[in-house]
Amino acid sequence: MNERRRLLLGALLPLTLGAAPRAWCAASMQASTPAPAAAPDRMATALEPWQPGWLDIHHIATGRGNATFVMLPDGTSMLIDAGASLNALDVSMAPRPDATRRAGEWIGRYARRHLVRAGLEDLDYLLVTHLHPDHTGDVEAASPPASGGAYRLSGVTDVAAQVPIGTVVDRGYPDYDFPLRITAPFADNYRAFIAARRKSGQRVEAFQVGSNIQFAGRGRHRTSVPFEVRNIAASGEVWTGEAAATRRLFPPLAPLARAD
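Within each chain, residues carry numbers counting from 1 in the order of the written sequence. Local features in this predicted model are restricted to residues of pLDDT 70 or higher, and side-chain atom pairs are both shown and tallied only at a pLDDT of 80 or more, whereas totals for entire chains, interfaces and linings draw on every residue. Processing note: side-chain calculations cover all non-hydrogen atoms of the structure and skip hydrogens and water entirely.

## Notes on the pattern of salt bridges
Part 1 of the reasoning: Salt bridge, as used here, is a side-chain nitrogen of Lys or Arg placed within 4 Å of a carboxyl oxygen of Asp or Glu. With the rule as written, the count across this model stands at seven salt bridges.
Part 2 of the reasoning: The residue aspartate 188 makes a salt bridge to arginine 191 at a minimum N-O spacing of 2.6 Å. Of this pair, aspartate 188 and arginine 191 both sit in helix H4 (residues 185-199), separated by three residues, roughly a single helical turn.
Part 3 of the reasoning: Here's how the labels work: a residue is buried when its accessible area is under 20% of the maximum for its type, exposed when over 50%, partly exposed in between, all with a 1.4 Å probe on protein chains only. By relative accessible area, which is 38% here, aspartate 188 ends up partly exposed.
Part 4 of the reasoning: In this structure arginine 191 comes out as buried when scored by relative accessible area, which is 11%.
Part 5 of the reasoning: Residue arginine 203 pairs with glutamate 205 through a salt bridge whose shortest N-O separation is 2.4 Å.
Part 6 of the reasoning: Classification of arginine 203 by relative accessible area gives partly exposed; the value is 48%. Where helices and strands are cited, they refer to DSSP runs of H or I of at least four residues and of E of at least two residues respectively, numbered from the N terminus.

If you want it as structure tokens, here you go:
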């Protein structure tokens, strides 16, 4: 097994790993000992608590969109998206585990539970891949307002109401107009959340393609396992594989007709 752990992030690409995960619903990797394949009856049991040196990846299935919770080998934590679509069952799955809570509430509770098991309280990073309800949360008139009323609770904002977030990273910050600005209640709500974070002095950053330091380990626990998180692609910009260099795959927008 490769001793150096690497997470490769692309804002519109699947997350890939430098070594095979264990065969669990939420994958884990241990530094030196390959884990046996899980028996069918074991799949239904609770996951073992994260340990220093492990890379745990939890794909959280709420039926309402994407959400992936990651624990890095030193205890640094990351949530990738927190979808909470309000679509009907003809285009979306039924809420999981049930509809007694909003999807973002289930995601936040799940992340908080695993953080507490690791002796932690805060989520280090939230990576938002793009402004769609199944990644950031949808809102309607019945969506409850956040404390202070600047935005409503759904998806990402539901998680933020339950778990303190150190840094929010997305590919649209600060203008959210590439290639065109999305005008919809869910997008306006997310932008209001970002504005509220900025006003209160909390960190928000644009996703930096090619960087291997943006999602740096916070050293929450001691570990001898070296690792890095590399940002590989976003909005038509791709890491070349050399240092932090990137190349553009999309043409410049300025000379293009708006319809194109």
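## Observations regarding the pairing of strand E10 (residues 227-234)
Part 1 of the reasoning: With eight of eight residues buried, E10 lies mostly within the body of the structure.
Part 2 of the reasoning: When DSSP locates at least two bridges between a pair of strands, those strands are taken to pair. Two strands pair when backbone bridges link them, and E10 and strand E11 (residues 237-239) are joined in this way by two bridges, in the antiparallel orientation. Within E11, the residue paired with alanine 234 across the bridge is glutamate 237.
Part 3 of the reasoning: In this structure, the hairpin formed by E10 and E11 is closed by a connection of two residues, where serine 235 is found at a positive phi of approximately 50°.

## Things to note about the nonpolar core
For soluble globular proteins, the rule of thumb is that nonpolar side chains tend to be buried together.
Part 1 of the reasoning: Among buried residues, those of type Ala, Val, Leu, Ile, Met, Phe, Trp, Tyr and Cys that are joined through side-chain atoms within 4.5 Å constitute a nonpolar core. Grouped together as the largest cluster of nonpolar side chains are 36 residues, with contacts concentrated most on Phe69, Leu79, Tyr190 and Ile194.
Part 2 of the reasoning: Among the elements of the structure, strand E5 (68-71), helix H1 (103-117), strand E7 (123-128), helix H3 (156-162), strand E8 (165-170) and H4 are those that each provide at least two residues to this core.
Part 3 of the reasoning: Ranked by residues supplied to this core, first place goes to H4 with five residues.
Part 4 of the reasoning: When checking whether two residues touch, look at their non-hydrogen atoms; a contact exists if any pair is within 4.5 Å. With residues near it in sequence (within four places) discarded, phenylalanine 69 still touches Asp56, Ile57, His58, Ile60, Ser77, Met78, Leu79, Ala111, His114, Leu115 and Leu123.
Part 5 of the reasoning: Judged by nonpolar contacts, the second largest core, of 15 residues, contains Val70, Ile80, Leu127 and Phe207.

## Observations concerning a nonpolar patch on the surface
Part 1 of the reasoning: The patches described consist of residues with a relative accessible area above 30% and no salt bridge, like charges being joined within 9 Å and nonpolar side chains (Val, Leu, Ile, Met, Phe, Trp, Tyr) within 5 Å. For every accessible area listed, the method is Shrake-Rupley and the probe measures 1.4 Å; residues are considered covered only by the protein chains on display. A cluster of nonpolar side chains, Phe178, Leu249, Phe250, Leu253 and Leu256, forms an exposed patch at the surface whose accessible area comes to about 440 Å².
Part 2 of the reasoning: Structurally, the position occupied by leucine 249 is in the segment after strand E12 (246-248).

## Quick notes on the environment of tyrosine 151
Part 1 of the reasoning: Considering the arrangement of structural elements, one finds tyrosine 151 in the loop between helix H2 (133-136) and H3.
Part 2 of the reasoning: The spacing of tyrosine 151 and tyrosine 190 is 39 residues in sequence and 7.7 Å in space, taken between C-alpha atoms.

## Remarks on unusual backbone geometry
Part 1 of the reasoning: Following arginine 96, the chain continues into proline 97 via a peptide bond in cis, with omega recorded as -5°.
Part 2 of the reasoning: Locating proline 97 in the fold gives a position in the loop between strand E6 (77-80) and H1.
Part 3 of the reasoning: Along the chain, tyrosine 173 connects to proline 174 via a cis peptide bond; the corresponding omega equals 5°.
Part 4 of the reasoning: Tracing the backbone through its elements, the reader meets proline 174 in the loop between E8 and H4.

## Considerations on the pairing of E7
Part 1 of the reasoning: Most of E7 sits inside the fold, with six of its six residues counted as buried.
Part 2 of the reasoning: Bridging between E6 and E7 involves three bridges; their strand directions are parallel. Looking at the pairing, leucine 79 lines up with leucine 126 of E7.
Part 3 of the reasoning: By convention, a crossover is right-handed whenever its connection, traced from the first strand over the helix to the second and viewed with the strands pointing away, goes clockwise. Where the polypeptide runs from E6 across H1 and back to E7, its parallel neighbour, the crossover connection is right-handed.

## Some details on the side chain of serine 143
Part 1 of the reasoning: Relative to the helices and strands, serine 143 is located in the loop between H2 and H3.
Part 2 of the reasoning: Residue contacts for serine 143: discarding those within four places in its chain leaves Asp138, Arg152 and Leu153.

## Regarding the confidence of the model for the chain
Part 1 of the reasoning: pLDDT measures the predictor's confidence residue by residue and takes values from 0 up to 100. With 83% of its residues at a pLDDT of 70 or more, the chain shows a mean pLDDT of 87.
Part 2 of the reasoning: Here residues 11-35 is a poorly scored stretch, pLDDT under 50, and it has 75 contacts once near neighbours within four places are set aside; other chains count.

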